[in-house]
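The lines below spell out each chain.
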Amino acid sequence: MGNQHNVFISHRHEDDALIAQLKSMLAKKNCDVRDSSVTSDIPNNAKADDYIKSILAGRIQWAGKMIVIVSPQTKKHEWVDWEIEYANKHPDKRIIGVWAPGAEQCDLPEPLDRFADAVVTWDADAIVNALNGADNWQQADGTSAPERSITRIAC
């Protein structure tokens, strides 16, 4: 597969700095991530939920893949949940969870646990492999997650 990926990076705004770190880490592996996520650098400043959803929906639709940065407070973030659930409605979207550095004691957001194609550690090779189609599941500490059978069905 190619080294260029159109990606929506779902995250908490408090984790904005991790996006630049992620893209830099992947660039060192010749992996070009074109990112459509909303960050503090490109805020949407919207207040109405329906308007916010329309902005996010367009950006998620553009992307072929979604990366969800999993940090300690991600599980409690309603917009991350909505983004994952929206992406899951489009079976052509790969959903990849990436454990943030220091995320060893946190839980996956429930929609990510249900719909992810892969969940990997903060490791460039693991992330590139997941972007390229490997359905690898890892715990935050890098050990293999228990086998699981997940069927993604678009409604």
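Nothing here was measured: the structure is a model prediction, and the numbers come from that model. (Residues numbered from 1 in each chain as written. Predicted model: local features only at pLDDT ≥ 70, side-chain atom pairs only at ≥ 80, totals over all residues. Heavy atoms only, no water.)

Asks: Before we go on, may I ask you to explain the sheet that holds strand 2 (residues 32-35) in this structure?
Replies: Neighbouring strands of a sheet are bound in pairs by backbone hydrogen bonds; such pairs are parallel or else antiparallel. Pairing within the open sheet is parallel, and its five strands lie in the order 2-1-3-4-5. For this open sheet the edge positions go to strand 2 and strand 5 (118-120), each flanked by a neighbour on one side alone. For this sheet, the mean inter-axis angle between neighbouring strands, taken without regard to orientation, is 35°. Judged from the six bridges that link them, strand 3 (residues 65-70) and strand 4 (residues 94-99) form a sheet pairing that is parallel. (Pairing = 2+ DSSP bridges. Helix = DSSP H or I, 4+ residues; strand = E, 2+ residues; numbered from the N terminus. Axes fitted to C-alpha atoms, helices over the stretch in contact; angles between N-to-C directions.)

Asks: Got a minute to help me understand the packing of aromatic side chains in this structure?
Replies: Applying the stated criterion across every chain, the model contains two aromatic pairs. Ring centres of tryptophan 82 and tyrosine 86 lie 5.1 Å apart, and the angle between their planes is 15°; this geometry places the pair in the stacked category. One end of the pair is tryptophan 82 and the other is tyrosine 86, both in helix 3 (residues 78-88) and four residues apart, which spans about a single turn. Since its relative accessible area comes to 19%, tryptophan 82 is described here as buried. Judged by relative accessible area, tyrosine 86 falls into the buried class, the value being 13%. (Phe/Tyr/Trp six-rings, centres within 6.5 Å; stacked < 30°, edge-to-face > 60°. Buried < 20%, exposed > 50% of the residue type's maximum accessible area, 1.4 Å probe, protein only.)

Asks: Sorry, what's going on with the side chain of aspartate 15 here?
Replies: Relative to the elements of secondary structure, aspartate 15 occurs in the loop between strand 1 (4-10) and helix 1 (16-27). There is no salt bridge for the buried aspartate 15, and the closest opposite charge comes from arginine 12, which lies 4.3 Å off by N-O distance. Ignoring any residue separated from it by four or fewer positions in sequence, one finds aspartate 15 in contact with Ser71 and Thr74. (Lys, Arg positive; Asp, Glu negative; His and termini not counted. Salt bridge = Lys/Arg side-chain N within 4 Å of Asp/Glu carboxyl O. Contact = heavy atoms within 4.5 Å.)

Asks: I'm lost on the pattern of salt bridges in this one. Help?
Replies: One pass over the structure, following the stated rule, counts seven salt bridges. Note that aspartate 92 and lysine 93 form a salt bridge whose closest N and O atoms lie 3.6 Å from each other. The class for aspartate 92 is exposed, based on a relative accessible area of 55%. Two residues, glutamate 110 and arginine 114, come together in a salt bridge whose shortest N-O distance is 2.7 Å. Here glutamate 110 and its partner arginine 114 are both found in helix 4 (residues 110-115), four residues apart, which amounts to about one turn of the helix. With a relative accessible area of 39%, glutamate 110 lands in the partly exposed category.

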